[in-house]
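# Coordinate analysis (summary)
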Amino acid sequence: MRAALTLFTEKGYDETTVDDVAAAAGVGRRTFFRYFRGKEDAVSPDHETCLARVDAVFATAHDSEPLTPLVLRAGDRVFDLYLDNPAEASARFALTRNVPALRDREAASVDRYRRLFGRRLRERLVGRPDGELVAAVTAAAVVAAHNHALRTWLVDGARPEEADACRAAFRRVETMLPVAPDRPDDLAEIARRLERAADRLDRAGPAH
């Protein structure tokens with residue numbers, strides 16, 4: 001992955017072949033394909049592992065744990081993909097902004113997190129009249145807050161000393177989550193606001 005990031009950055013994504021990456025890493029083409037389906041996989045974070053870790057947070061949580069701290073705890077796991085190695089996160093961010101294929105791939109990954117959060121929340125809200133809507137809005141809010149905090153950190157230079165501030169920025173979503181709305185009207189208004197925010201994020205492109 002480091003070899004791929006270096007070559008894509010220095011030589012260009014379209015101009016770099018799988019053979020180039022394999023040679024730079026000191027392995028054969030066959031070995032490369034044991035780990036990756038294609039060169040786009042070689043530059044992506046390990047979303048599969050991260051999704052499993054997020055899922056495990058929900059699976060091992062006590063039934064009585066309030067939903068707000070639970071979703072925040074699960075959301076924190078996603079940051080590990082990026083904050084643990086700022087240099088690689090910054091290089092990936094630069095590539096995904098400039099390479100449409102990578103940008104589309106990251107956008108699809110973001111949707112997988114949203115669907116995972118939504119599914120796990122629906123399971124915990126079974127029997128609640130507005131459970132489906134609360135789950136959908138909460139999942140969208142968590143993912144949007146994560147993207148906003150991560151994008152801000154990356155645009156500002158992905159400085160390691162700002163990693164804690166990035167996590168703190170994400171956690172400000174706590175006051176916006178509709179997991180326990182006072183009135184149905186409150187939830188509807190939150191949904192409208194999140195939809196407008198999501199539209200703005202879509203126009204700005206994915207964070208990763």
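Given the structure is predicted, the values throughout are model-derived calculations rather than measurements. (Residues numbered from 1 in each chain as written. Predicted model: local features only at pLDDT ≥ 70, side-chain atom pairs only at ≥ 80, totals over all residues. Heavy atoms only, no water.)

Right, let's get into helix 7 (residues 100-124). Its 25 residues place the ends of helix 7 37 Å apart at the C-alpha level, agreeing with the 36 Å of an ideal helix rising 1.5 Å per residue. Listing the buried residues of helix 7 in full gives Leu-102, Glu-106, Ser-109, Val-110, Tyr-113, Leu-116, Phe-117, Gly-118, Arg-120 and Leu-121. Along its buried surface, helix 7 packs onto helix 4 (47-60), helix 5 (67-83), helix 6 (86-98) and helix 8 (131-155). (Helix = DSSP H or I, 4+ residues; strand = E, 2+ residues; numbered from the N terminus. Expected span 1.5 Å × (residues − 1). Buried < 20%, exposed > 50% of the residue type's maximum accessible area, 1.4 Å probe, protein only. Contact = heavy atoms within 4.5 Å.)

All right, on to empty space enclosed by the protein then. Here the structure, examined in full by the defined rule, presents 3 cavities of 30 Å³ or more. When its volume is computed, the largest cavity comes out at roughly 80 Å³. In terms of lining, the largest cavity is formed by 11 residues, of which the most central are Val-78, Tyr-113, Val-142, Val-143 and His-146. Where the lining of the largest cavity is concerned, the elements lending two or more residues are helix 5, helix 7 and helix 8. Top element by residues in the lining of the largest cavity is helix 8. It accounts for 4 residues. (1 Å grid on protein atoms, 1.4 Å probe; cavity = no way out; pocket = protein on both sides within 12 Å on 5 of 7 lines; lining within 4 Å. Points joined across faces, edges and corners; volume = space filled by probe spheres on them.)

A few words on the packing of aromatic side chains. Per the stated rule, a full pass over the model turns up 6 aromatic pairs. A centroid spacing of 6.5 Å and a plane angle of 45 degrees characterise the contact between Tyr-35 and Phe-36, whose relative ring orientation is tilted. A relative accessible area of 17% places Phe-36 in the buried class. If you follow Lys-39 out to its NZ or CZ, it ends over the ring of Tyr-13, 4.4 Å from the centre. (Phe/Tyr/Trp six-rings, centres within 6.5 Å; stacked < 30°, edge-to-face > 60°. Lys NZ or Arg CZ within 6 Å of the ring centre and 35° of its normal.)

Moving on: the nonpolar core. Ranked by internal contacts, the top residues of the largest apolar core, which has 41 residues, are Val-54, Phe-58, Tyr-113, Phe-117, Trp-153 and Phe-170. The element that contributes the greatest number of residues to this core is helix 8, accounting for 11 residues. Among the nonpolar cores identified, the runner-up in size contains 15 residues, and Leu-5, Phe-8, Val-21 and Val-43 belong to it. (Core = buried A, V, L, I, M, F, W, Y, C linked by side-chain atoms within 4.5 Å.)

The subject of this paragraph is the pattern of salt bridges. Applying the stated criterion across every chain, the model contains 19 salt bridges. A salt bridge links Asp-41 to Arg-105, with the shortest nitrogen-to-oxygen separation between them at 1.9 Å. One end of the pair, Asp-41, is in the loop between helix 3 (29-35) and helix 4; the other, Arg-105, is in helix 7, and 64 residues separate them in sequence. On the basis of relative accessible area, Asp-41 is assigned to the buried category, the value being 12%. Residue classification places Arg-105 among the partly exposed residues on the basis of a relative accessible area of 25%. With a closest N to O distance of 2.8 Å, Glu-48 and Arg-112 form a salt bridge. With a gap of 64 residues between them, Glu-48 in helix 4 and Arg-112 in helix 7 connect regions that are remote in the sequence. The class of Arg-112 is partly exposed, set by a relative accessible area of 31%. Salt bridges linked by common partners bring Asp-76, Arg-77, Asp-80, Arg-167 and Arg-171 together as one network. (Salt bridge = Lys/Arg side-chain N within 4 Å of Asp/Glu carboxyl O.)

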